[in-house]
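Chain by chain, the residues:
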Amino acid sequence: MAGEPQADCLFCKIVSGDVPATVVRETETTVAFRDINPQAPTHVLVIPKVHHPDAASLAAAEPVILADVLREAGEVAREEKIDQSGYRVVFNTGSGAGQTVFHAHAHVLGGRGLQWPPG
């Protein structure tokens, strides 16, 4: 059921502490941790603690928590000192867009020049 932890979800296991991660921030509703395969000098994932398969389903079901994810993305950028130089927040939706973990998450990327369009 959406919102409930999923036994087979890597990010639900990070939220529960069953899988280790390098956590950089945590709030009542979110966890932010370093990506294990960084695509930029700063690459942090911000996830809601509740399980929804993608950003659109999270927005439809719990828009306040999606706002929490975006606010935390900004806080990560500030703490990582990329807020002034610029950063990107990316939500991949579906395997064709590169989503590999089907638990909504935002990528916070920065620390180098980021080209547009991204690919």
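Higher on the page you've got the structure.
Our subject in this report is the structure included herewith. (Residues numbered from 1 in each chain as written. Predicted model: local features only at pLDDT ≥ 70, side-chain atom pairs only at ≥ 80, totals over all residues. Heavy atoms only, no water.)

A word on the nonpolar core. Among the nonpolar cores identified, the biggest contains 14 residues, and Ala32, Val46, Leu58, Val69, Val76 and Val108 are the most heavily contacted of them. Elements supplying a minimum of two residues to this core: strand E3 (42-48), helix H3 (63-79) and strand E5 (106-110). With six residues, H3 is the largest single contributor of residues to this core. Residues in contact with Ala32, not counting those within four places in the same chain, are Thr22, Val23, Val24, Arg25, Val44, Leu45, Val46 and Val76. One finds Cys12, Ile14, Leu45 and Ile47 within the second-largest nonpolar core, a separate group that totals nine residues. (Core = buried A, V, L, I, M, F, W, Y, C linked by side-chain atoms within 4.5 Å. Buried < 20%, exposed > 50% of the residue type's maximum accessible area, 1.4 Å probe, protein only. Helix = DSSP H or I, 4+ residues; strand = E, 2+ residues; numbered from the N terminus. Contact = heavy atoms within 4.5 Å.)

A separate point is the pairing of E3. Of all the seven residues making up E3, seven are buried; the element is thus mostly covered by neighbouring parts of the structure. Of the two faces of E3, the one holding Thr42, Val44, Val46 and Pro48 and the one holding His43, Leu45 and Ile47 are both buried throughout. As paired elements, strand E2 (residues 30-34) and E3 share five bridges and run antiparallel to each other. Note on E3: the bridge partner recorded for Phe33 is Leu45. (Pairing = 2+ DSSP bridges.)

Checked against the element boundaries, Asp54 lands in the loop between E3 and helix H2 (55-61). No salt bridge is formed by the buried Asp54; the nearest opposite charge belongs to Arg71, separated by 20 Å. A polar contact of 2.8 Å, which involves the side chain of Asp54, links it to the backbone nitrogen of Ser57. Excluding its chain neighbours within four sequence positions, the residues that come into contact with Asp54 are Thr93, Gln99 and Ala104. (Lys, Arg positive; Asp, Glu negative; His and termini not counted. Salt bridge = Lys/Arg side-chain N within 4 Å of Asp/Glu carboxyl O. Polar contact = N/O pair within 3.5 Å; in protein donor to acceptor, adjacent residues only side chain to side chain.)

Another point: H3. The end-to-end C-alpha separation of H3 is 24 Å, in line with the 24 Å expected for 17 residues at 1.5 Å each. Of the positions making up H3, those classed as buried are Ile65, Leu66, Asp68, Val69, Glu72, Ala73, Val76 and Ala77. Phi for Lys81, located one or two positions after H3, is positive at around 65°. (Expected span 1.5 Å × (residues − 1).)

Under the defined criterion, the tally for this structure stands at one aromatic pair. Measuring from centroid to centroid gives 5.5 Å for Phe11 and Phe33, while their planes differ by 75°, and the two rings are edge-to-face. With Phe11 in helix H1 (residues 10-16) and Phe33 in strand E2, this residue pair connects regions lying 22 residues apart in the sequence. Side by side, Phe11 and Phe33 carry an identical accessibility label, which is buried. (Phe/Tyr/Trp six-rings, centres within 6.5 Å; stacked < 30°, edge-to-face > 60°.)

Moving on: a nonpolar patch on the surface. A cluster of nonpolar side chains, contributed by Leu70, Tyr87 and Val89, occupies part of the molecular surface with about 240 Å² of accessible area. Among the structural elements, Val89 can be located in strand E4 (residues 87-90). (Patch = residues over 30% accessible without salt bridge, like charges linked within 9 Å, V, L, I, M, F, W, Y side chains within 5 Å. Areas by Shrake-Rupley, 256 points an atom, 1.4 Å probe, with all protein chains shown as cover.)

Such coordinate-based values are descriptive only and should not be taken to indicate function.
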